[in-house]
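Listed below are the residues making up each chain.
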Amino acid sequence: MDRLWNPWRFQYVSKEKRPEGCIFCDLPRENNDEENLIVHRARFNYIILNRYPYTTGHLMVVPFVHTDSLQGIDGATSQELFELVRAADDKLRQVYRPKGMNLGMNLGEAAGAGIAEHIHMHVLPRWIGDANFLTVVGETRILPEELSETYRKLKAVF
Ligand SMILES: [Zn+2]
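Residue numbering note: each chain is counted from 1, following its sequence as written. Two thresholds apply to this predicted model, a pLDDT of at least 70 for residue-level local features and 80 or more for giving and counting side-chain atom pairs, whereas whole-chain, interface and lining totals are computed over all residues. Side-chain measures here rest on the full set of heavy atoms in the structure, leaving out hydrogens and waters.

Explain the overall build of the protein chain to me, using residue names and the numbers behind them.
Looking only at helices and strands, the protein chain has 5 helices and 7 strands in total. Secondary structure is summarised from DSSP: a helix means a run of H or I of at least four residues, a strand means a run of E of at least two, and numbering begins at the N terminus for each. Mapped in sequence order, the helices and strands of the protein chain form the string α-α-α-β-β-β-α-β-β-β-β-α. To sort residues, take the accessible area from a 1.4 Å probe on protein chains only and compare it with the maximum for the residue type: under 20% means buried, over 50% means exposed, and anything in between is partly exposed. Looking at the protein chain as a whole, 43% of its 158 residues are labelled buried. Pairs at least 24 residues apart make up 64% of the contacts formed inside the protein chain by residues separated by at least 6 positions. Counting only carbon and sulfur atoms, one obtains 49% of the accessible surface of the protein chain, whose full area is about 8,800 Å². Contacts were defined at the residue level, with two residues in contact if any of their heavy atoms lie within 4.5 Å. In this description, accessible areas are obtained by the Shrake-Rupley approach with a 1.4 Å probe, and a residue is regarded as covered only by the protein chains that are shown.

Pulling in residues and values, what's your account of unusual backbone geometry?
Positive phi values are uncommon outside glycine, yet asparagine 31 reaches one of about 50°. Position of asparagine 31 relative to the elements: it lies in the loop between helix H2 (23-29) and helix H3 (33-36). A positive phi angle is found at leucine 37, which is not glycine, with a value near 70°. Position of leucine 37 among the secondary structure elements: in the loop between H3 and strand S1 (38-41).

Give me the lowdown on the coordination of the zinc ion, citing residues and values where you can.
Tetrahedral metal sites with four donors have an ideal angle of 109.5 degrees; octahedral sites with six donors have ideal angles of 90 or 180 degrees. As a rule, N, O and S atoms within 2.8 Å of a metal are its donors, except that Na, K and Ca use 3.2 Å; water is not among the atoms, so sites may look incomplete. For the zinc ion, the full set of protein donor atoms is Cys22 (SG), Cys25 (SG), His66 (ND1) and His118 (ND1), at a range of 2.0 to 2.3 Å. Here a site with four donors is tetrahedral if all angles are between 85 and 135 degrees, and a site with four or six donors is square planar or octahedral if opposite donors are over 155 degrees apart and the other angles are between 65 and 115; anything else gets the irregular label. Every donor counted, the 4 donor atoms about the zinc ion form angles of 103 to 120° at the centre, which fits tetrahedral coordination. In this structure cysteine 22 comes out as buried when scored by relative accessible area, which is 6%. Under the relative-accessibility criterion, histidine 118 is labelled buried at 0%.

Pasting the structure below:
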């Protein structure tokens, strides 16, 4: 069980870089989707690559509305969010042919949320033994594919 939830503990960006504001609110407003790794925008939510992925293809579905709880989004947003989770699952299977998927949300700092003030759903493809090819050097993770390459592949199918 630990293994399932631990991947989502590390922070999306360092606190030094963005001392104020909310990254999940700021990034879509910047209108620089390629650099910010936003692969898809829907009406109430968007899909973004995790800049510090646990596995290649690690995505997050994020509502545009700033809220720290599930009660903070309305029915339409909630419904679309899950539709996007399904789409992400489908696209990731098309592109990466994983052997499994992890879906999950950490609500609150105590639950391990890196950015607790704005809810987001993780969707990440898994392969048997995938933890073996991850090497942790300080806070840098060495992954088998560059993020720009992952972005290009997923952007093409969304
Ligand atoms: Zn926010």
